[in-house]
Amino acid sequence: MAPRSRLSQTQAAWLLLAPFLATYALFLVYPFCRGIWISLHDWNLLAVAFNPDAKEFVGLRNYERVMWGKNITWSLFNAPLLQGLGLLALVLSALLHRLGRLSRLNAIVFGVVSLLLVFFPGFYPDEGGRWYDRRFWPTVANTLVFVAFTVPGVTISALLLAAALNRETRAMGILRTLFFLSQVLSVTVVTLIWQIMFSPRQGLIANITKTFGGTPINWLTDQQFAMAAIVIATIWWSIGIAMILFLAGLQDISKDIYEAAALDNARGWKAFWYITLPNLTRTISVVVILQIILHFQVFGQSHLMTQGGPNDSTQVLVRYIYQTGFRDSELGRASAMAVFLFLIMGSFSIIQFIIGRERD
Amino acid sequence: MNRSYYWLVIGLSIPAFLWLVPTLWMVSLSFQPNEVLARTTSSTLFGLIPLPFTAENYASLFSFGQTPWWFMNSIIVAVGMTLGVLFVSTTAGYALARMDFPFKRTLMIICLIGLMVPEQAVFIPLYTLFADFGWHNSYHALILPRMAVPIGVFLMMQFFKAIPQDIEEAARLDGVTWLRIFWYVMLPLARPAMMTLAILTFLYAWNDYLWPLVSAQQREYFTITLGLASIQSNFAQSEGLGRVMASGVIASLPVVILFLIFQRYVVQAMTVGGSKG
């Protein structure tokens, strides 16, 4: 048989890689670099659309206009609660490492996070000073508050559920399905359901409250409750993945340990506390970091349920980027914020990657 | 099974039912007449039982309004994206897992960095890029960006790496070309992994909100997820609560059915998708 033109291994490999590399370069690498490029310009969406030269190179001005202000100073006592907490965590991580309860890597990660907690809240505009963008840091703070409530909420409830559901029976399978079901819904279905659930006039929660003689809460329009409402909807929505990851982690704990512990009368809560938890630390950190990355990018819940309100109390970072870019047409400033978002997400991805590596 | 097991099942049934209530309520409201809902949403057992019953909301969804059209858009985008992602991921994944070529390590590191870039950090430059091409308000604008996400490549690469070498070597000795080995030997073996990736991609495509919101400004190119967002802000006045809820049910039906049939794959897909970004 006459050999047809044969590709060498290298040629065949590049041929197979070409479709992916082309899309990857065009729709991910190039936009990423272009995003940084845009963030260095005064770039108005509409002006540049009509005249491509209507942009001006401004260097790092956009970053300054977003994150900095006039007469900004730093003090250790600006936000005593947060900064004190940071200091405490810093001491704690050093101490725990000394006592051998925390691996060096975890101690470093923990320490860096607590240092940031001491550092960032310390900035404030001094007399006569002001932030150039008064909404940016409060928006970041809202996002962090959202993460700070959602992540522990999801993690703890998913962990308890997984521990309870960790049996291969039909009934348990059905229960798992019920808890997981909400996870496959889209964000717009979730917000549709919960907008009406929370409605003070038509909502299920209000109807039940009224039956018991209570006054319905204006969940989505009351500044005290709006963030809570979004957190509740999000926990309801996203418990599934965490539960599944925990169930997978539980499978890896040998049954023998439990049997041995049962001989020592450690069952139920005791077994959970002394066996399940210590054997699950790796999975817990994976789930926590995963959730942080996922929920830091929250957009739909805030955009659809509360429109960032009332009074900006549920305004989150991605929604602010979206508004700055597409309502105010200020692509330069929006891109600077997007780069900021990427830096935060990227550092968590690196931590995630390191933890994943450690396992192998 | 002992008694404590049955207590556990009963004890867990209560939170499981509570977990189901919001979804159940949506379904129940979608089967009640709009006139009744305008008055009260708690006719029978807080509205959890659809009495008085009507299927009118679903009938009207299909006789007027854009929901069926949006539904078709979602099908086109989700199927198109799934096929596209499967194609680029299996080919690239195979090459990275089983073949040797210069700059392989560099390439892998470049792809790994791509995993760290969230969609939310590049949607602005992507918007300007597609605007320059004049591509917005089209199906390919909704499909193409996801094909660049390297997670599928890594998923397929891990799978291909786990296949024993000798299958391939036997074929190589017989003088079969690389592309033929890929097509006739490897792809049939990769079916379970492809299934997982397909479901992951389909779910993502169906539920994606931010990029369609930015890219599709004409209502003819809305996906059902985006369309549902556009009618829910003024649901009570213009559309009728029952009708909007019916749209919500229709929008969820494909993913819920997919989940119930392919539960094992869905769980696996979401675990992989979750733990890798």
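Quick caveat, the model's predicted, so the values are computed rather than measured. (Residues numbered from 1 in each chain as written. Chains lettered and ligands numbered in written order. Predicted model: local features only at pLDDT ≥ 70, side-chain atom pairs only at ≥ 80, totals over all residues.)

1. Looking at the overall build of chain A
Item 1. A count of helical and extended segments in chain A gives 16 helices and four strands.
Item 2. Projected onto its principal axes, the C-alpha positions of chain A cover 90 × 75 × 50 Å.
Item 3. Considering only contacts in chain A between residues 6 or more positions apart, those separated by 24 or more positions represent 70%. (Helix = DSSP H or I, 4+ residues; strand = E, 2+ residues; numbered from the N terminus. Contact = placed C-beta atoms within 7 Å.)

2. Notes on the overall build of chain B
Item 1. Summing up its helical and strand segments, chain B has 16 helices and zero strands in all.
Item 2. Each principal axis of the C-alpha distribution contributes one length, and for chain B these read about 75 × 65 × 30 Å.
Item 3. The buried share of chain B, taken over its 277 residues, is 45%.
Item 4. A sequence separation of at least 24 residues applies to 74% of the contacts in chain B between residues at least 6 apart. (Buried ≥ 20, exposed ≤ 12 C-beta atoms within 10 Å, placed from the backbone.)

3. What to know about the interface of chain B and chain A
Item 1. The interface of chain B with chain A comprises 74 residues on the first partner and 71 residues on the second.
Item 2. With 11 residues, helix H1 (residues 3-30) of chain B is the largest single contributor of residues to the side of chain B that touches chain A.
Item 3. Partitioning the side of chain B that touches chain A into residue classes produces 53 nonpolar, 20 polar and one charged. (Nonpolar A, V, L, I, M, F, W, Y, C, P; charged D, E, K, R; others polar.)

4. Here we look at the confidence of the model for chain B
Item 1. On average, chain B scores 88 in pLDDT, and the residues at 70 or more come to 96%.
Item 2. Mean pLDDT per element in chain B: helix H14 (residues 235-239) of chain B is the minimum at 61, and helix H4 (residues 67-98) of chain B is the maximum at 95. (pLDDT = per-residue confidence, 0-100.)

5. Notes on the pairing of strand S3 (residues 69-74) of chain A
Residue and element names in this part refer to chain A.
Item 1. Within S3, only zero of the six residues are buried, which leaves the element largely exposed.
Item 2. As defined by bridge partners, S3 adjoins strand S4 (residues 123-131) across five bridges and the pair is classed as antiparallel. Residue pairing across strands places lysine 70 opposite arginine 130, the latter belonging to S4. (Pairing = 2+ DSSP bridges.)

6. As for the nonpolar core
One recurring pattern in soluble globular proteins: nonpolar side chains tend to sit buried together.
Item 1. Core analysis: the biggest nonpolar cluster contains 161 residues, and Ala158(A), Ala242(A), Met243(A), Ile321(A), Met337(A) and Met156(B) have the highest contact counts within it.
Item 2. With 15 residues, the single largest contributor to this core is helix H10 (residues 226-251) of chain A.
Item 3. Residue contributions to this core reach at least three from each of two domains, namely domain 1 (3-54) and domain 2 (63-275) of chain B.
Item 4. Residues contacting Ala158(A), with those up to four places away along its chain left out, are Ile239(A), Ala242(A), Met243(A) and Phe246(A). (Core = buried A, V, L, I, M, F, W, Y, C linked by C-beta atoms within 7 Å. Domains from an automatic or database assignment.)

7. Focus on the domain arrangement of chain B
Residues and elements named next belong to chain B.
Item 1. You can read the domains of chain B as domain 1 (3-54) and domain 2 (63-275).
Item 2. Computed over C-alpha atoms only, the centres of domain 1 and domain 2 are separated by 33 Å.
Item 3. Of the residues lining the interface, eight residues belong to domain 1; the matching set on domain 2 comes to eight residues.
Item 4. Sort the elements by how many residues they give to the side of domain 1 that touches domain 2 and H1 lands first, with four residues.

8. Observations concerning the packing of helix H6 (residues 136-165) of chain A against helix H13 (residues 281-296) of chain A
Residues and elements named next belong to chain A.
Item 1. H13 packs onto H6 with a crossing angle of 140° between their chain directions and a minimal axis gap of 9 Å. In this structure, the crossing between H6 and H13 has a hand that is right-handed. Contact residues: H6 offers Thr143, Phe146, Val147, Thr150, Val151, Val154 and Thr155, while H13 offers Ile284, Val287, Val288, Gln291, Ile292, His295 and Phe296. (Axes fitted to C-alpha atoms, helices over the stretch in contact; angles between N-to-C directions. Left-handed = near helix turned anticlockwise from the far one by under 90°.)

9. Overview of the environment of Ala190(B)
Residues and elements named next belong to chain B.
Item 1. Within the secondary structure layout, alanine 190 lies in the loop between helix H10 (178-189) and helix H11 (191-207).
Item 2. Of the residues examined, alanine 190 has 20 C-beta atoms within 10 Å and is grouped as buried.
Item 3. Separated by 64 residues in sequence, alanine 190 and leucine 126 place their C-alpha atoms 32 Å apart.
Item 4. Beyond its immediate stretch of four places on either side in the chain, alanine 190 contacts Thr90, Met156, Phe159 and Phe160.

10. A few points about the packing of H4(B) against helix H13 (residues 224-232) of chain B
Residue and element names in this part refer to chain B.
Item 1. The geometry of H4 relative to H13 is characterised by a closest axis approach of 8 Å and an angle of 145° between their N-to-C directions. For the pair H4 and H13, contact is made by Thr67, Trp70, Phe71 and Ser74 and by Ile224, Thr225 and Gly227, respectively.
Item 2. Residues that form the contact of H4 with H13 fall into these classes: three nonpolar, four polar and no charged.

11. With respect to the confidence of the model for chain A
Item 1. Across chain A, pLDDT averages 89, with 98% of residues at or above 70.
Item 2. Confidence scores differ between elements of chain A, with helix H11 (residues 255-263) of chain A showing the lowest mean pLDDT of 82 and helix H15 (residues 317-326) of chain A the highest of 95.

12. Quick word on the environment of Val112(A)
Residues and elements named next belong to chain A.
Item 1. With respect to the secondary-structure elements, valine 112 resides in helix H5 (residues 104-119).
Item 2. Look at valine 112 and you get partly exposed, because 14 C-beta atoms sit within 10 Å.
Item 3. Taking the C-alpha atoms as reference points, valine 112 and leucine 46, separated by 66 residues in sequence, lie 41 Å from one another.

13. Remarks on the environment of Pro19(A)
Item 1. Examined against the element boundaries, Pro19(A) turns out to sit in helix H1 (residues 9-39).
Item 2. For the pair Pro19(A) and Ser335(A), spaced 316 residues apart in sequence, the C-alpha to C-alpha distance is 28 Å.
Item 3. In contact with Pro19(A), other than residues within four places in its own chain, are Phe87(B), Val88(B) and Thr91(B).

14. Overview of unusual backbone geometry
Item 1. Of note, the bond from Gly309(A) into Pro310(A) is cis; its omega dihedral lies within 30 degrees of zero at -10°.
Item 2. Secondary-structure assignment places Pro310(A) in the loop between helix H14 (300-306) and H15.
Item 3. Residue Pro52(B) is reached from Leu51(B) by a cis peptide bond, and omega for that bond is -5°.
Item 4. The residue Pro52(B) is located in the loop between helix H2 (34-39) and helix H3 (56-63) in this model.
Item 5. Positive phi, normally seen in glycine, also occurs at Asn71(A), with a value near 55°.
Item 6. Here Asn71(A) lies in strand S3.

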